[in-house]
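Summary of the model geometry
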Amino acid sequence: MTVTSIDIDQNELRQAKQLAGTKSNRETVDLALRTLIAVRRQPAAVERIIARRFEPDQIDASTDVPLTRGRL
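Below: a short report on this structure.

About the criteria used
Residues numbered from 1 in each chain as written. Predicted model: local features only at pLDDT ≥ 70, side-chain atom pairs only at ≥ 80, totals over all residues. Heavy atoms only, no water. Helix = DSSP H or I, 4+ residues; strand = E, 2+ residues; numbered from the N terminus. Expected span 1.5 Å × (residues − 1). Bend = angle between axes of the 7 residues up to and from the residue. Salt bridge = Lys/Arg side-chain N within 4 Å of Asp/Glu carboxyl O. Buried < 20%, exposed > 50% of the residue type's maximum accessible area, 1.4 Å probe, protein only. Polar contact = N/O pair within 3.5 Å; in protein donor to acceptor, adjacent residues only side chain to side chain. Contact = heavy atoms within 4.5 Å. Axes fitted to C-alpha atoms, helices over the stretch in contact; angles between N-to-C directions. Parallel < 35°, antiparallel > 145°, perpendicular 65-115°, else oblique. Nonpolar A, V, L, I, M, F, W, Y, C, P; charged D, E, K, R; others polar.

Quick look at helix 2 (residues 25–51)
For helix 2, spanning 27 residues, the distance from its first C-alpha to its last is 40 Å, which sits close to the expected 39 Å at 1.5 Å a residue. Residue glutamine 42 marks the point of greatest curvature in helix 2, where the axis turns by about 35 degrees; the proline proline 43 follows within four residues.

As structure tokens, then:
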């Protein structure tokens, strides 16, 4: 892992930590980066899902209903 030194607005960092519920600056920045990547990739993932084509037997396939707790 590379050590990088950057200037971050302390007020924004404080707000981000509070909103994210993170304890350290590092944890906050890591979460912010992961969130940005996920958000920017999401539209492409949705487009891939929309573009999928299914065979009729896949569409009409039966589904398993999970058991609720305490019931067999």
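Considering the environment of valine 29
Take valine 29: it is sitting in helix 2. When the C-alpha positions of valine 29 and isoleucine 6 are compared, they lie 11 Å apart, and in sequence the two are 23 residues distant.

Overview of the pattern of salt bridges
Once the charged atoms of two side chains with opposite charge are near each other, the side chains can pair. All chains considered together, the criterion is met by 1 salt bridge. Salt-bridge contacts for arginine 26 lead to aspartate 30; the nearest nitrogen and oxygen are separated by 3.2 Å. Separated by 4 residues within a single helix, arginine 26 and aspartate 30 lie in helix 2, roughly one turn from each other. With relative accessibility at 48%, the residue arginine 26 sits in the partly exposed group.

Notes on the side chain of threonine 28
On the secondary structure map, threonine 28 appears in helix 2. Within polar-contact distance, the side chain of threonine 28 engages the backbone oxygen of serine 24 at 2.8 Å. Leaving out residues up to four positions away in the same chain, threonine 28 has contacts with Leu13, Ala16, Lys17 and Thr22.

Let's talk about the packing of helix 1 (residues 10–20) against helix 2
Where helix 1 meets helix 2, the closest approach of the two axes is 10 Å, and the angle between their N-to-C directions is 75 degrees. When the axis of helix 1 is compared with that of helix 2, the two are roughly perpendicular. In contact with Leu13, Ala16, Lys17 and Ala20 of helix 1, helix 2 contributes Asn25, Thr28, Val29 and Leu31. Along the lines of polarity and charge, the residues of the contact of helix 1 with helix 2 split into 5 nonpolar, 2 polar and 1 charged.

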